[in-house]
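# Notes for the structure review
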Amino acid sequence: MRTQILLKRAYHDTVTIPMLFLIGAGLTHQTSRAAVPSLEFDANNLHEFPKEAANADPNTLKIKTLASYIKERFKISEGKAAMIVSEAFRNGMKQGLQPELILAVIAVESRFKEKAVSPAGARGLMQVLASAHSKKVKNIGGLPALYDARKNIKLGTHILAQYKDVSKGNIRRTLLRYNGSLGRAQSRYPDKVMSVYKQMKSTARLTEQLQLAQASRSTLQQ
């Protein structure tokens, strides 16, 4: 019964997240999207995690799931997606920011394109504006360094964390500052970022709930 309830909650909480992302992450044995509508919440007919997934570290599962999500949605390579997500987790932990927020900023700013350059001259994954952060950019190696994914994420996350401190934890104002649109009352930038952020959080949450359901079933079978 507990397993059935957990699976029902997981399904209803994430009906807008395509199961394709979890399939790509290797967290379910489903082989096609066509099978999703017929998913039954029967403890005797669960679509199981691989055994290694059920016992994996939660952050490892999140990284794998989010990398698959980004790979499919933004059409980038698996290796590139995994590297970006791992860097978001590493730098997010150091700066006190949720990795999904960092990834959402990257999605809106550059759509995961390392060589992206804006009309204003912002560069790289997190679209760091060198003219506004000249000393910081110089310290990482100058303009060319902004095209290095790891350096860009490290610097962009540092800037985002500083803006969060200045904004006293207000995420909307943090994002407005990051985008340079704090004085624009009608800016939709924070809404765009938070929309992607919520999708990523939902994807990660579904993974956790499926893992919990699998662990519960394993316990019952022992």
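My aim in this report is to walk through the structure given alongside it, one point at a time. Since the model is a prediction, treat every value here as computed from it, not as a measurement. Along each chain, residues carry numbers from 1 onward, in the same order as the chain's sequence is written. Given that the model is predicted, a residue must reach a pLDDT of at least 70 before its local features are reported, and side-chain atom pairs must reach 80 or more before they are shown or counted; all residues, however, enter totals for whole chains, interfaces and linings. Side-chain calculation: all heavy atoms of the structure are included, whereas hydrogens and water are not.

### Some remarks on the overall build of the chain
The helix and strand tally for the chain stands at ten helices and zero strands. The helix and strand sequence of the chain, counted from the amino end, reads α-α-α-α-α-α-α-α-α-α. Within the chain, the proportion of its 222 residues that are buried is 46%. Taking contacts inside the chain between residues at least 6 apart in sequence as the whole, the part at least 24 apart equals 58%. Secondary structure elements follow DSSP: runs of H or I no shorter than four residues count as helices, runs of E no shorter than two count as strands, and numbering proceeds from the N terminus. Buried, partly exposed and exposed residues are distinguished by accessible area as a fraction of the type maximum, computed with a 1.4 Å probe on protein chains only: under 20%, between the cut-offs, and over 50%, respectively. Residue contacts are counted whenever heavy atoms from the two residues lie within 4.5 Å of one another.

### Structural notes on the nonpolar core
Residues belong to a common nonpolar core when they are buried Ala, Val, Leu, Ile, Met, Phe, Trp, Tyr or Cys residues joined through side-chain atoms within 4.5 Å. Counting residues in each nonpolar core, the largest one holds 40 residues, and the members touching the most others are I70, L103 and F112. Counting only elements with at least two residues in this core, the list comes to α4 (58-74), α5 (78-95), α6 (99-110), α8 (149-166), α9 (171-179) and α10 (189-221). With seven residues, α6 is the largest single contributor of residues to this core.

### A short note on the packing of aromatic side chains
Ring pairs (aromatic) are described by centroid distance and by the angle formed between their planes. Between rings of Phe, Tyr and Trp, where Trp is taken as its six-membered ring, a pair exists when centres lie within 6.5 Å; planes separated by under 30 degrees are stacked, by over 60 edge-to-face, and by other angles tilted. Taken as a whole and assessed by the stated rule, the structure comprises two aromatic pairs. A ring pair is formed by F74 and F112, whose centres lie 4.8 Å apart and whose planes are at 55°; its orientation type is tilted. Of this pair, F74 sits in helix α4 while F112 is found in the loop between α6 and α7 (134-139), placing the two residues 38 residues apart along the sequence. Of the two residues examined, F74 and F112, each falls in the buried class.

### Some points on α6
Along an α-helix, residues three or four positions apart point the same way, because every turn accommodates 3.6 residues. How far a helix is expected to stretch is found by multiplying one less than its residue total by 1.5 Å. The terminal C-alpha atoms of α6 lie 16 Å apart, and with twelve residues this matches the ideal 16 Å at 1.5 Å per residue to within 8%. Of the positions making up α6, those classed as buried are P99, E100, L101, I102, L103, A104, V105, I106, A107, E109 and S110. Phi turns positive one or two residues past the end of α6, at R111, with a value near 55°.

### Focus on the pattern of salt bridges
We define a salt bridge as a side-chain nitrogen of Lys or Arg found within 4 Å of a carboxyl oxygen belonging to Asp or Glu. Counted under the stated rule, the structure contains five salt bridges. Residues R90 and E87 are paired through a salt bridge, measuring 2.3 Å at the closest nitrogen-oxygen approach. Here R90 and its partner E87 are both found in helix α5, three residues apart, which amounts to about one turn of the helix. Residues joined by salt bridges that share partners form a network here, namely E87, R90 and R150.

### Some remarks on the packing of α5 against α8
Between two packed helices, the angle of one axis relative to the other and the distance separating the axes together describe the packing. Running from N to C, α5 and α8 point in directions that differ by 35°, and their axes come no closer than 9 Å. Two packed elements cross with a definite hand, and for α5 against α8 that hand is right-handed. Contacts between α5 and α8 involve M83, I84, E87, A88, N91, G92 and Q95 on the former and, on the latter, A149, R150, I153, K154, T157, H158 and A161. All axes here are fitted lines through C-alpha atoms, helices being fitted over the stretch that makes contact, and every angle between N-to-C directions spans 0 to 180 degrees. Throughout, a crossing is termed right-handed when the near helix is turned clockwise from the far one, and left-handed when it is turned anticlockwise from it by less than a right angle.

### A word on the side chain of N91
Mapping N91 onto the fold places it in helix α5. Those residues in contact with N91 that sit more than four places away from it in its chain are I153, K154 and T157.

### Overview of α8
The first and last C-alpha atoms of α8 sit 26 Å apart over 18 residues, in line with the 26 Å expected at 1.5 Å per residue. Taken together, the buried positions of α8 are occupied by A149, N152, I153, L155, G156, T157, I159, L160 and A161. Contacts from the buried residues of α8 go to α5, α6, α7 and α9. Polar contacts, as used here, are pairs of N or O atoms within 3.5 Å; protein pairs need one atom able to donate a hydrogen and one able to accept it. Residues neighboring in sequence count only if both atoms are side-chain atoms. At the N-terminal boundary of α8, the capping side chain belongs to D148, with an oxygen 3.0 Å from the backbone nitrogen of R150. Once α8 finishes, K168 follows within two positions and takes phi at roughly 55°, a positive value.

### Let's talk about the environment of P99
Within the element layout of this structure, P99 appears in helix α6. Note: C-alpha distance between P99 and A88 (eleven residues apart in sequence) is 5.0 Å. Those residues in contact with P99 that sit more than four places away from it in its chain are A88 and F89.

### Digging into the packing of α5 against α6
Remark: α5 packs on α6, axes separated minimally by 8 Å, with the N-to-C direction vectors making an angle of 130°. It follows that α5 is oblique to α6 by the angle criterion. α5 and α6 meet at a crossing whose hand is right-handed. Contacts between α5 and α6 involve I84, V85, A88, F89 and G92 from the former and P99, I102, L103 and I106 from the latter. Any residue outside Ala, Val, Leu, Ile, Met, Phe, Trp, Tyr, Cys, Pro, Asp, Glu, Lys and Arg is labelled polar, Gly included; the first ten of those are nonpolar and the last four are charged. Broken down by class, the residue content of the contact of α5 with α6 amounts to eight nonpolar, one polar and no charged. Should an angle lie under 35 degrees it is considered roughly parallel, over 145 roughly antiparallel, and from 65 to 115 roughly perpendicular; all remaining angles are considered oblique.

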